Amino acid sequence: MRKVWIAPLCLAGLSLLGACGESMHAQTARAIDSVAAIDQENMAEMMLAVSDPREAVDYFTAQSQQFPDRVIFRRGLGKSLMRAGQAEASIPVWLQVLEHPDATLDDRIDTAEAYIRANQWPQAEAMLNSVPPTHETYGRYRLEAMVADSRQQWDRADSFYEIAAGLTPTPAGVLNNWGFSKLTRGDYRGAERLFTDALRQDGSLFTAKNNLVLARAAQRNYELPLIEMTQIERAELLHTMALAAIRQGDVQTGRALLQDAIATHPQHFEAAANALAALQ
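Conventions and cut-offs
Residues numbered from 1 in each chain as written. Predicted model: local features only at pLDDT ≥ 70, side-chain atom pairs only at ≥ 80, totals over all residues. Heavy atoms only, no water. Helix = DSSP H or I, 4+ residues; strand = E, 2+ residues; numbered from the N terminus. Buried < 20%, exposed > 50% of the residue type's maximum accessible area, 1.4 Å probe, protein only. Contact = heavy atoms within 4.5 Å. Areas by Shrake-Rupley, 256 points an atom, 1.4 Å probe, with all protein chains shown as cover. Phe/Tyr/Trp six-rings, centres within 6.5 Å; stacked < 30°, edge-to-face > 60°. Core = buried A, V, L, I, M, F, W, Y, C linked by side-chain atoms within 4.5 Å. Axes fitted to C-alpha atoms, helices over the stretch in contact; angles between N-to-C directions. Parallel < 35°, antiparallel > 145°, perpendicular 65-115°, else oblique. Left-handed = near helix turned anticlockwise from the far one by under 90°. Expected span 1.5 Å × (residues − 1). Salt bridge = Lys/Arg side-chain N within 4 Å of Asp/Glu carboxyl O.

A few points about the overall build of the chain
- When its secondary structure is counted, the chain shows 14 helices and zero strands.
- For the chain, the succession of helices and strands along the chain, N to C, is α-α-α-α-α-α-α-α-α-α-α-α-α-α.
- Among the 280 residues that make up the chain, the fraction classed as buried is 39%.
- Contacts in the chain between residues far apart in sequence, at least 24 positions, make up 46% of those at least 6 positions apart.
- Total accessible area computed for the chain in this model is approximately 16000 Å², and 54% of it derives from carbon and sulfur atoms.

Structure representation (structure tokens):
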């Protein structure tokens with residue numbers, strides 16, 4: 001009688017082992033797929049962070065073709081094209097991202113930025129309007145401020161710039177943009193204050209240094225501000241200030257500043273030398 005039960009038990013054991021084997025195989029396959037997906041995401045982040053923009057465009061183009069269902073690669077392609085200065089080419093890519101079921105509200109904001117960089121302001125405004133007002137992010141308010149600037153809605157722009165500056169731990173860039181907005185409106189004192197604030201946040205931001213000099217020169221203040229600068233930066237800022245002085249009719253001051261810029265620069269300063277020769 002014992003032998004009669006052995007065969008069924010063995011068969012049952014083999015079936016159980018077979019089922020376990022299939023289950024383990026499926027789990028292993030899922031684990032491998034999961035690791036591969038994580039590796040792809042890490043690679044995508046690395047390509048966006050450190051690679052040459054053109055290399056990133058090539059990488060994400062190839063990955064998008066190989067994995068057309070993975071939105072991470074098409075999103076990376078859109079960002080890489082913008083980094084490479086091809087904002088207009090990135091717009092069709094972003095529109096494809098928005099059609100994906102995993103598209104996010106931040107993708108809409110990135111699409112709006114692509115429109116702005118391509119100088120398509122109505123489309124950018126429409127895209128931002130499609131984002132719910134409850135989605136309050138630095139990127140969203142930074143772009144809202146720029147759109148308001150383009151429409152010369154100054155109070156609205158100021159409000160958005162202020163909100164954006166409060167939503168990021170690194171506000172130097174948006175403070176510089178806000179200052180440039182003030183500069184274009186003729187509010188030179190307000191612009192000077194904002195450029196100074198930007199440099200307190202990031203003393204290496206040369207654009208803010210250059211803009212600060214322009215704001216001071218617009219007030220006929222031709223003294224360099226007390227900020228950290230390299231010798232080359234000092235020469236370039238003197239050159240900027242000289243050109244501003246000349247445009248305002250202060251030619252003698254501009255000539256003296258150009259001479260100072262040439263003497264300050266550690267190499268031959270061709271732009272300043274040419275400007276001085278033109279005056280003479």
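So that's the structure; there's more coming.
Side note on unusual backbone geometry
- A positive phi angle, near 65 degrees, is found at Asn119, a position not held by glycine.
- Locating Asn119 in the fold gives a position in the loop between α5 (105-117) and α6 (121-129).

Some words on the packing of aromatic side chains
- For the coordinates displayed, the defined rule picks out four aromatic pairs.
- Seen in terms of ring centroids, Tyr161 and Trp178 are 6.0 Å apart; in terms of plane orientation they differ by 15 degrees. Their pairing is stacked. Here Trp178 lies in helix α9 (residues 172-185) and Tyr161 lies in helix α8 (residues 154-166), a separation of 17 residues in the sequence.
- Exposure remark for Tyr161: the relative accessible area of 3% places this residue in the buried category.

Focus: the environment of Ala164
- Tracing the backbone through its elements, the reader meets Ala164 in helix α8.
- Those residues in contact with Ala164, other than ones at most four positions away along the chain, are Tyr138, Tyr141, Arg142 and Val174.

Notes on the nonpolar core
- Of all hydrophobic cores here, the largest spans 20 residues; its most connected members are Tyr161, Leu175 and Phe195.
- Those elements that provide at least two residues to this core are α7 (138-150), α8, α9, α10 (188-201) and α11 (206-218).
- Excluding anything up to four places from it in sequence, Tyr161 contacts Ala145, Met146, Asp149, Val174, Asn177, Trp178 and Ser181.
- Core analysis: the next-biggest nonpolar cluster, separate from the first, contains 19 residues, Met82, Ala114, Ile116 and Leu128 among them.

Thoughts on the packing of helix α2 (residues 53-66) against helix α3 (residues 71-83)
- The contact between α2 and α3 brings their axes to 8 Å, and the two run at 155 degrees. By the criterion of interaxial angle, the relationship of α2 to α3 is roughly antiparallel. For the crossing formed where α2 meets α3, the hand is left-handed. Here α2 contributes Pro53, Ala56, Val57, Tyr59, Phe60, Thr61, Gln63 and Ser64 to the contact with α3, which in turn contributes Ile72, Phe73, Arg74, Gly76, Leu77, Ser80, Leu81 and Arg83.

Points about the environment of Ile246
- Mapped onto the elements, Ile246 comes out in helix α12 (residues 231-247).
- For Ile246, a relative accessible area of 23% translates into the label partly exposed.
- Sequence spacing of Ile246 and Leu257 is eleven residues, and the spatial spacing of their C-alpha atoms is 10.0 Å.
- Among residues more than four places away in sequence, those in contact with Ile246 are Gly254, Leu258 and Leu279.

Comments concerning α11
- The terminal C-alpha atoms of α11, which comprises 13 residues, lie 18 Å apart, in line with the 18 Å expected from a rise of 1.5 Å per residue.
- All of the buried residues along α11 are Ala208, Lys209, Asn210, Asn211, Leu212, Val213, Ala215, Arg216 and Ala217.
- Tucked into the core, α11 has its buried residues touching α9, α10 and α12.
- Positioned one or two residues after α11, Arg220 has a phi angle of 60 degrees, which is positive.

Considering the packing of α10 against α11
- The contact between α10 and α11 brings their axes to 9 Å, and the two run at 155 degrees. Between α10 and α11, the angle falls in the class roughly antiparallel. Once α10 is placed against α11, the crossing between them reads as left-handed. Two secondary-structure elements touch here, α10 through Tyr188, Ala191, Glu192, Phe195, Thr196, Ala198 and Leu199 and α11 through Ala208, Lys209, Asn211, Leu212, Ala215, Arg216 and Ala218.

Considering the pattern of salt bridges
- Inspection of every chain in the model, using the stated rule, returns 14 salt bridges.
- Between Asp187 and Lys182 there is a salt bridge whose closest N-O contact spans 3.5 Å.
- With relative accessibility at 31%, the residue Asp187 sits in the partly exposed group.
- The salt bridge involving Glu192 is made with Arg216; its shortest N-O contact spans 3.2 Å. Of this pair, Glu192 sits in helix α10 while Arg216 sits in helix α11, and the two are 24 residues apart along the sequence.

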